[in-house]
Amino acid sequence: MIVNVDVNGRLRSFDVPPGAFLLDVLREAGYLSIRRGCDTTSCGICTVLLDGKPVPSCSYLAIRAEGRKVTTVEGIPEEAAKLARHFGEEGADQCGYCNPSLALAVYALKQTRPKATDEEIRLWLVGNLCRCSGYQSQLVAIKRYLEERP
Amino acid sequence: MRIETILKPASLEDAYKAIAADKNAVMFAGGAWIKLTLKDIATAVILDGLGLERIAVGDKTVEIGALATLNDVATHPVLSGLYGGMIAESCRRVMGINVQNVATLGGSVMGGYAFSDILTALLAADATLRFQKHEPMKLAEYLQRKVNFRDLLVAISIPLKNGRGVFRKIARTRLDFAILNLAVTNVNGLYLIAVGARPGVARLATLAADRLNEIHPVSVFDIEKAVADALAELDFGSNNRAAEDYRRALARVHLLRALKEVTFDDRQR
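Because the structure is a prediction, the values reported are computed rather than measured. (Residues numbered from 1 in each chain as written. Chains lettered and ligands numbered in written order. Predicted model: local features only at pLDDT ≥ 70, side-chain atom pairs only at ≥ 80, totals over all residues. Heavy atoms only, no water.)

Engineer: Give me the nonpolar core: which residues, what numbers.
Structural biologist: Generally speaking, nonpolar side chains in soluble globular proteins are found buried as a group. All names here are of chain B. Grouped together as the largest cluster of nonpolar side chains are 80 residues, with contacts concentrated most on I64, V73, M86, L122, L139, I156 and I158. If one sorts the elements of this core by residue count, helix 7 (residues 118-124) sits on top with six residues. Leaving out residues up to four positions away in the same chain, V73 has contacts with I55, I64, A68, L79, I87, A88, C91 and L105. With 29 residues, the next largest nonpolar core counts Y191, A226, F236 and V262 among its residues. (Core = buried A, V, L, I, M, F, W, Y, C linked by side-chain atoms within 4.5 Å. Buried < 20%, exposed > 50% of the residue type's maximum accessible area, 1.4 Å probe, protein only. Helix = DSSP H or I, 4+ residues; strand = E, 2+ residues; numbered from the N terminus. Contact = heavy atoms within 4.5 Å.)

Spelled out as structure tokens, the structure:
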């Protein structure tokens, strides 16, 4: 089946089997920032933005993305770099495995609620697991990122 | 997981025909946890593009399309305020934003999951299910039916009434399934009390609510009696999240608080 998707502003056509999930299709196409975590919709590691909204690509059928816009962290290099700087300054990451998905989720938060409170940030990211950080330093870094002017 | 064939029907009628013709065909609602529940699917029916994601506000009801996501519901201006935002809150308490963006109300209803937070809130909101072929049916009735019910859920209809509502989810972490959840509404002195994740699927405590509905005005004593009635009426059990006794203890405390909240103002509480 042919699926036409706008990936990071570039129209791509993928020939996929009927049951292909977005995660596998994007990784095979070279978007390697998207990672496989639990593969069961629970950990948020595979998050991509679909029409600007964070979704778990591991459980999203590729065919359902037909005609839609997919954003991976490769598509937001400047914002990802800004967030990475704050993460570095606050010691908010260790292994880095969850960083691309976290960056996308935080970027979507900035578009939706640029003045999010601590509680709103925590709630927004409850489905993005990180097994290294303990989350507190991430929260501080994310707040710094949200406070930063465009 | 393997899917052999995918159908994308052009209309609701075509979608219904597809699932009626093949009893093993699987309708795709949101897809959350699909890899946990199914191994191989011969035919998957994709319901995108049929208008099922719309939320329509009428004079007397809000019609939530079966494919409206939990986030659509959580952020909807009317649903955010209806019954104290109870339905919206139940959607916000499911996993994180990424799951809320794919999981749908229809998937939650038709799955009939015992852990569901949504079903509990919808029961207390007196929701009615609208199908492509079958007559509309109260959610409470649908959940109690044990027959094999195969139809396309089109919308979930919520009465637009001025009333108070409360939803509570008790879980070990924000990300976890509920140890217990409950929802209570009071619309002009008529109560609905729903308790889910007991660990059985959500149920209404109808006897407790009916007795409460006969009393005007309701006192704290009446509420305490209603809680005792609900605990006697509903079945509780144990699983790896909590023991039966613990669930009963939680239900006793949280039902009492919720019923007070929908009955009295702050000072009276």
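After that view, the rundown keeps rolling.
Engineer: Requested: an account of the interface of chain A and chain B, with residues and values cited.
Structural biologist: Across the boundary between the two partners, chain A contributes 27 residues, which contact 26 residues of chain B. Buried surface at the junction of chain A and chain B, both sides included, amounts to about 2,400 Å², of which 62% is carbon and sulfur. Sorting the residues of chain A by area buried against chain B places T41(A), R64(A) and V126(A) first, and these three jointly supply 23% of that buried surface. Applying the counting criterion to the chain A and chain B interface returns four salt bridges. Here E119(A) ties to R174(B) by a salt bridge, and the two come within 3.1 Å at their closest N and O atoms. Summed over the shared surface of chain A and chain B, the number is nine residue pairs in polar contact (both at pLDDT 80 or more). Every element with two or more residues in the side of chain A that touches chain B is listed here: strand 4 (53-56) and helix 4 (118-124) of chain A. (Buried area = accessible area lost by both parts, 1.4 Å probe. Salt bridge = Lys/Arg side-chain N within 4 Å of Asp/Glu carboxyl O. Polar contact = N/O pair within 3.5 Å; in protein donor to acceptor, adjacent residues only side chain to side chain.)

Engineer: Which residues make up helix 3 (residues 99-112) of chain A, and what are the values?
Structural biologist: All names here are of chain A. Between the first and last C-alpha of helix 3 there are 20 Å, a value that for 14 residues agrees with the 20 Å anticipated at 1.5 Å per step. Counting buried positions over the 14 residues of helix 3 gives 10, a clear majority of the element. Taken together, the buried positions of helix 3 are P100, S101, L102, A103, L104, A105, V106, A108, L109 and K110. Of the surrounding elements, those touching the buried residues of helix 3 are strand 3 (47-50), strand 4, strand 5 (69-71), helix 2 (77-90), helix 4 and helix 5 (136-147). (Expected span 1.5 Å × (residues − 1).)

So, to be careful, I would describe these as geometric facts and stop short of saying anything about function.
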